Amino acid sequence: MPLARPLNHPWRRAVAGSTAAAALLLSGCGADVVTDGKKSEKTTVKRCGEPVEYTVPKRTVAYEGGSADKLFSLGLTDHVHGYVMPPANPPVKESPWASEYAKVKKLSDDLLNKEVVVDAKADFVVAGWNSGFSDQRGITPEILDKLKIQSFMHTESCYNYPKHPEKKKPFEALYTDLERLGKIFKVEEKARKVVDDLKRREKAVEAKAPKGSPVPVFLYDSGTDQPFTAGGQVPPDDIIGKAGGKNIFSSLGQRWTQVNWESVTKAEPEVVVILDYGDKPAKKKIEFLKKSPQTRELPAVKKNNFFILDYNEGISGPRNIDGLERFGKYLRELTR
């Protein structure tokens, strides 16, 4: 099964050719922190599985909406110099933190690269492994370390990070990131409050999930000859599962991955989640599924059971819980 995504999608282009001293917080996300005990500016926090020493950043560059949203949700706008936002990402004016985006600079509308980071005089970069950071494009945490530029990776993307992997379920990874960023920026109390609220909302959806056998759900990202979909390492897997469904490719220990139509047909999904982004709107994807002989007889397609998930609800960030709440409501209404 091919693991690389086609070159026309920012996640895929990014992976072309290959996507303590402190006790654990009550949330259980495990932001391991070590300080020198003297009100030091230095804090040791894990970057994936690697303990890294940080000083409080002042000129942060965030890649994509998920990174920026995490920082803005923690009240860290004054520490953000700017963001890099590839075209697939919906306009920032649609973000709950639109007013915060307006206070910082848009540095690029392309993929993350070393030049834009250096030109910005950044002292901290937040992105994912193989979705921002990339060996092929010459911007990795190791390269930035040599330039004395700090970096942080989304835990959701760490499962195959070379030498220092870390594997957590997507929502747990989101909470871990918020807590670790809280430690780095010394806003631990704010991070606890944000995480507690997100967890409260998550549990509220779980408590109302339809009873009985989970509804089989297929996430359709893109692809005609072969579909791209969500494996078990990305937020839609938790969104689907915690709302009361079952991602038909949850058992794949991967992020965004290519499968074949035969495996989709065999799973007989009752719902199709359409990931909405880029220059091919959800409406066009639905039209394809309704016309293609490989998909038009799927139960979900025949019943017109389509749910549209926003790009920023599908990548690691606080808006994952918005997506969970919307999909939870959709499933409850569908199964009545």
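Residues numbered from 1 in each chain as written. Predicted model: local features only at pLDDT ≥ 70, side-chain atom pairs only at ≥ 80, totals over all residues. Heavy atoms only, no water.

**Student:** What should I look at first to understand the nonpolar core in this one?
**Tutor:** The biggest cluster of nonpolar side chains holds 54 residues, and the ones touching the most others in it are Leu 71, Phe 124, Phe 185 and Phe 327. Per-element tally for this core: the top contributor is helix α6 (residues 170-184), with 6 residues. Within the second largest apolar cluster, 20 residues are counted, among which are Val 61, Val 84, Val 117 and Leu 144. (Core = buried A, V, L, I, M, F, W, Y, C linked by side-chain atoms within 4.5 Å. Buried < 20%, exposed > 50% of the residue type's maximum accessible area, 1.4 Å probe, protein only. Helix = DSSP H or I, 4+ residues; strand = E, 2+ residues; numbered from the N terminus.)

**Student:** What should I look at first to understand the packing of aromatic side chains in this one?
**Tutor:** Aromatic rings considered in pairs are described by the distance between their centres and by the relative angle of their planes. The final tally for this structure, using the stated rule, is 15 aromatic pairs. A centroid spacing of 4.9 Å and a plane angle of 75° characterise the contact between Phe 72 and Tyr 101, whose relative ring orientation is edge-to-face. With a gap of 29 residues between them, Phe 72 in helix α2 (residues 64-73) and Tyr 101 in helix α3 (residues 98-101) connect regions that are remote in the sequence. What makes Phe 72 buried here is its relative accessible area of 5%. For Tyr 101, a relative accessible area of 2% corresponds to the buried category. Ring plane angle 35° and centroid distance 6.1 Å describe the contact between Phe 218 and Tyr 220, whose orientation is recorded as tilted. Assessed through its relative accessible area of 0%, Phe 218 is described here as buried. Relative accessible area serves as the criterion here: at 0%, Tyr 220 is assigned to the buried category. A network of ring pairs unites the aromatic residues Phe 218, Tyr 220, Phe 249, Trp 261 and Phe 288 as a single cluster. If you follow Lys 280 out to its NZ or CZ, it ends over the ring of Phe 288, 5.8 Å from the centre. (Phe/Tyr/Trp six-rings, centres within 6.5 Å; stacked < 30°, edge-to-face > 60°. Lys NZ or Arg CZ within 6 Å of the ring centre and 35° of its normal.)

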